[in-house]
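# Observations on chain architecture
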Amino acid sequence: QQQVKQSPQSLIVQKGGISIINCAYENTAFDYFPWYQQFPGKGPALLIAIRPDVSEKKEGRFTISFNKSAKQFSLHIMDSQPGDSATYFCAARKLGFNTDKLIFGTGTRLQVFP
Amino acid sequence: KAGVTQTPRYLIKTRGQQVTLSCSPISGHRSVSWYQQTPGQGLQFLFEYFSETQRNKGNFPGRFSGRQFSNSRSEMNVSTLELGDSALYLCASSLRGVITDTQYFGPGTRLTVL
C-alpha cells in the first residue's frame with residue numbers, strides 16, 4: 001500500500017523557471033518529511049526537510065510548503081538550473097517510533113533545459 | 001570524512017544463487033538501513049539495524065536477511081535469487097537513528113539476476 005503519493009512522474013522546465021513537485025500522505029502519524037535528490041549512478045542525498053509544525057521552509061532556491069490539514073507537501077525549486085536535473089523523492093517518517101524507516105514517494109524526474 | 005561505502009558496486013548472478021552485499025557506514029554512525037530501488041516499485045524499505053540489533057523490517061520475503069557487526073558495518077543477504085530481485089540496493093546510515101538525524105545514502109549495489 002503506497003502511503004506517499006508523488007506527482008508528476010516527470011517534469012520539464014526551462015532554465016530560470018519554477019519547478020513544483022507535489023506529495024500527499026495518508027498516515028497522520030508521519031511527522032517528518034524530507035526531500036531527496038538523486039543523480040544517475042548516485043544514492044539519494046537529503047535536500048531539505050520539514051516538520052509539520054511549520055508551513056514553509058526555505059533553503060536557498062529550494063522551498064518546502066506544507067499543508068497539514070490537506071496532508072500535502074510540495075517542493076518548489078526557484079530559478080531552476082540545468083544542474084538541478086535529477087530525480088526527486090519525497091519521503092515521510094513517523095515521529096515517536098524508534099526507527100529510521102522512510103516511506104518514499106515514487107519519484108519525479110526533473111529535466112531543466114537551457 | 002568518508003561517506004557510506006557499498007561493495008560491490010555491480011553484481012551479476014543467476015537465478016537460484018545467493019548474494020551478500022556489504023555496507024560500511026560513515027564513521028561513528030550506529031544506524032544502518034537498507035532499501036531496494038526498482039523502476040516499478042521505487043524505493044522500498046528492507047530493514048534497519050542499530051547497535052547490532054534489527055530494529056525494523058519491511059515487507060520482503062524471508063529470503064532477504066541482514067546483520068550488523070560491532071563496528072556498525074552491515075551486510076544483507078538474498079538467498080535463492082529470483083529475476084525480480086534485480087535492483088539497486090541502497091544502504092543508508094545515520095548517527096543515532098533518531099528522527100532529527102540525517103540519513104546518508106551510499107551509491108548502491110546494482111544487482112542483476114539472469
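Located above this text is the structure these notes cover.
Cut-offs applied
- Residues numbered from 1 in each chain as written.
- Chains lettered and ligands numbered in written order.
- Predicted model: local features only at pLDDT ≥ 70, side-chain atom pairs only at ≥ 80, totals over all residues.
- Heavy atoms only, no water.
- Helix = DSSP H or I, 4+ residues; strand = E, 2+ residues; numbered from the N terminus.
- Rg over C-alpha atoms; globule rule 2.2 N^0.38 Å.
- Buried < 20%, exposed > 50% of the residue type's maximum accessible area, 1.4 Å probe, protein only.
- Contact = heavy atoms within 4.5 Å.
- Areas by Shrake-Rupley, 256 points an atom, 1.4 Å probe, with all protein chains shown as cover.
- Lys, Arg positive; Asp, Glu negative; His and termini not counted.
- Charge placed at Lys NZ, Arg CZ, Asp CG, Glu CD.
- Phe/Tyr/Trp six-rings, centres within 6.5 Å; stacked < 30°, edge-to-face > 60°.
- 1 Å grid on protein atoms, 1.4 Å probe; cavity = no way out; pocket = protein on both sides within 12 Å on 5 of 7 lines; lining within 4 Å.
- Points joined across faces, edges and corners; volume = space filled by probe spheres on them.
- Nonpolar A, V, L, I, M, F, W, Y, C, P; charged D, E, K, R; others polar.

This paragraph deals with the overall build of chain A. Secondary structure summary: chain A contains zero helices and 11 strands in total. Ordered by position from N to C terminus, the α and β elements of chain A give β-β-β-β-β-β-β-β-β-β-β. In summary, chain A has a C-alpha radius of gyration of 14 Å against a globular reference of 13 Å for 114 residues, a match within 12%. Each of the 114 residues in chain A was classed as buried or not, and the buried ones make up 45%. Pairs at least 24 residues apart make up 54% of the contacts formed inside chain A by residues separated by at least 6 positions. Total accessible area on chain A is roughly 5600 Å²; 49% of this is exposed by carbon and sulfur atoms. Considering chain A, the positive charge centre built from 13 side chains and the negative charge centre built from 8 side chains are found 5 Å apart.

Residues and elements named next belong to chain A. One pass over the structure, following the stated rule, counts 17 aromatic pairs over all chains. With a centroid separation of 6.2 Å and 85° between ring planes, the pair formed by Phe 89 and Phe 104 is classed as edge-to-face. Of this pair, Phe 89 sits in strand β9 (residues 86-94) while Phe 104 sits in strand β10 (residues 103-104); the two residues are 15 residues apart in sequence, bridging distant segments of the chain. Relative accessible area serves as the criterion here: at 3%, Phe 89 is assigned to the buried category. Through a chain of ring-to-ring contacts, three or more aromatic side chains come together here, namely Tyr 25, Phe 30, Phe 33, Trp 35, Phe 66 and Phe 73.

Volume-wise, the largest pocket comes out at about 700 Å³. Looking at the largest pocket, it is lined by 28 residues, and the ones nearest its centre are A:Gln38, A:Thr87, A:Phe89, B:Gln37 and B:Pro39. Where the lining of the largest pocket is concerned, the elements lending two or more residues are β9 and β11 (108-113) of chain A together with β4 (31-38) of chain B. Grouping the constituent residues of the lining of the largest pocket by class yields nine nonpolar, 15 polar and four charged.

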